[in-house]
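# Observations on the model geometry
Chain residues, written in single-letter form:
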Amino acid sequence: MYFKTGYMLRTEDLIKIGYFAKPHGIKGEISLVTDYDMADLSGDDPYIVCEMEGIHVPFFIESYRPKNNTTALIGLAGIDSENKAKPLTGKPAYIPSDLLPPDDEDLPEWTRLTGYTVTDDRSGEIGTVSDIDDHTINVLLKVDYKGQEILIPAALITALERERKMIEVSLPDGFWEI
């Protein structure tokens, strides 16, 4: 909970990595359901972000230990009891994209695309990627389109500009009639 003053966390600078499950024990440790290896975080003071009452709140990571393939137990600065950990339960967990190590491959890690603006080569700007569904071989971009969530297959991506956080897709004829 201790963070530099004057710095504003913006949604487009955050990558959703999972969600907080239940507190573990009485000393404030909490389960984090994620397939992301927190040991990959770079920087001197890694932190995780949780949205609390519409505000992105950073929490410095004090401890991290994997529990199994999808869950880790983490200790956060300022969270030192079960009661302080409970409000995080069920909330999405984010990390700032600048704490991620640089990509080594041409193909992006899908979770890094949250916050990108999606445009269609014919329709123009569609919306912003709010989440990624990568639970099957057919990865889907969840895009906020005029207040509604639409799903766009990642296979339709024709261009990706990381510096501008832009994704261009080519939607097939009839896509909007579905």
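Here, the structure is the one placed above.
Nothing here was measured: the structure is a model prediction, and the numbers come from that model.

## Observations regarding the nonpolar core
The nonpolar side chains of a soluble globular protein tend to be buried, and buried together. Among the nonpolar cores identified, the biggest contains 17 residues, and F20, I48, F59 and L76 are the most heavily contacted of them. At the level of secondary structure, the elements contributing two or more residues to this core comprise β1 (14-23), β2 (30-34), β3 (47-52), β4 (55-66), β5 (71-76) and β6 (92-96). Grouped together as the second largest cluster of nonpolar side chains are 16 residues, Y116, V118, L141 and I152 included.

## Observations regarding the pattern of salt bridges
Per the stated rule, a full pass over the model turns up four salt bridges. For D80, the salt bridge is made with K84, and the minimal N-O distance between the two is 3.2 Å. In this structure D80 comes out as partly exposed when scored by relative accessible area, which is 48%. As a salt-bridge pair, D173 and R122 come within 2.7 Å of each other at their nearest N and O atoms. With a gap of 51 residues between them, D173 in the segment after β12 (166-169) and R122 in the loop between β7 (117-120) and β8 (124-133) connect regions that are remote in the sequence. By relative accessible area, which is 53% here, R122 ends up exposed.

## Focus: the pairing of β5
With six of six residues buried, β5 is to be regarded as a mostly interior element. Side-chain alternation along β5 places T71, L73 and G75 on one buried face and A72, I74 and L76 on a second face that is also buried. Where β4 meets β5, five bridges bridge the pair, whose relative direction is antiparallel. Across the sheet, residue R65 finds its bridge partner in β5, namely L73.

## Comments concerning the sheet that holds β3
Sheet architecture is closed into a barrel: six strands sit in the order β1-β2-β5-β4-β3-β6, paired in antiparallel fashion. Between one strand axis and the next, the sheet turns through 50° on average, direction left out of account. Relative to β5, β2 runs antiparallel, the two being bridged by four bridges. Each bridged residue has a counterpart across the sheet, and for L32 the counterpart in β5 is A72.

## Quick word on the pairing of strand β9 (residues 140-145)
Across five bridges, β8 lies against β9 in antiparallel orientation. Within β9, the residue paired with D131 across the bridge is K142. Taking the residues between adjacent antiparallel strands as the criterion, β8 and β9 are bridged by six residues. Across six bridges, β9 lies against strand β10 (residues 148-153) in antiparallel orientation. The residue of β10 that forms the bridge with Y145 is Q148.

## Let's talk about the sheet that holds β10
On the basis of which strands lie adjacent, the open sheet formed by six strands has the order β10-β9-β8-β7-β12-β11 and mixed pairing. At either end of the open sheet lies a strand with only one pairing partner, and these are β10 and β11 (157-161). Within this sheet the neighbouring strands show an average axis-to-axis angle of 35°, counted without direction.

## Section: the packing of aromatic side chains
Applying the stated criterion across every chain yields a total of three aromatic pairs. Geometrically, the ring pair formed by Y47 and F60 is edge-to-face, given 5.8 Å between the ring centres and 70° between the ring planes. Pair noted here: Y47 is in strand β3 and F60 is in strand β4, with a separation of 13 residues, a long-range link. You can call Y47 buried: its relative accessible area is 8%. Taking the centre distance of 5.2 Å and the plane angle of 90° together, the rings of F175 and W176 count as edge-to-face.

Reading the values: the criteria
Residues numbered from 1 in each chain as written. Predicted model: local features only at pLDDT ≥ 70, side-chain atom pairs only at ≥ 80, totals over all residues. Heavy atoms only, no water. Core = buried A, V, L, I, M, F, W, Y, C linked by side-chain atoms within 4.5 Å. Buried < 20%, exposed > 50% of the residue type's maximum accessible area, 1.4 Å probe, protein only. Helix = DSSP H or I, 4+ residues; strand = E, 2+ residues; numbered from the N terminus. Salt bridge = Lys/Arg side-chain N within 4 Å of Asp/Glu carboxyl O. Pairing = 2+ DSSP bridges. Axes fitted to C-alpha atoms, helices over the stretch in contact; angles between N-to-C directions. Phe/Tyr/Trp six-rings, centres within 6.5 Å; stacked < 30°, edge-to-face > 60°.

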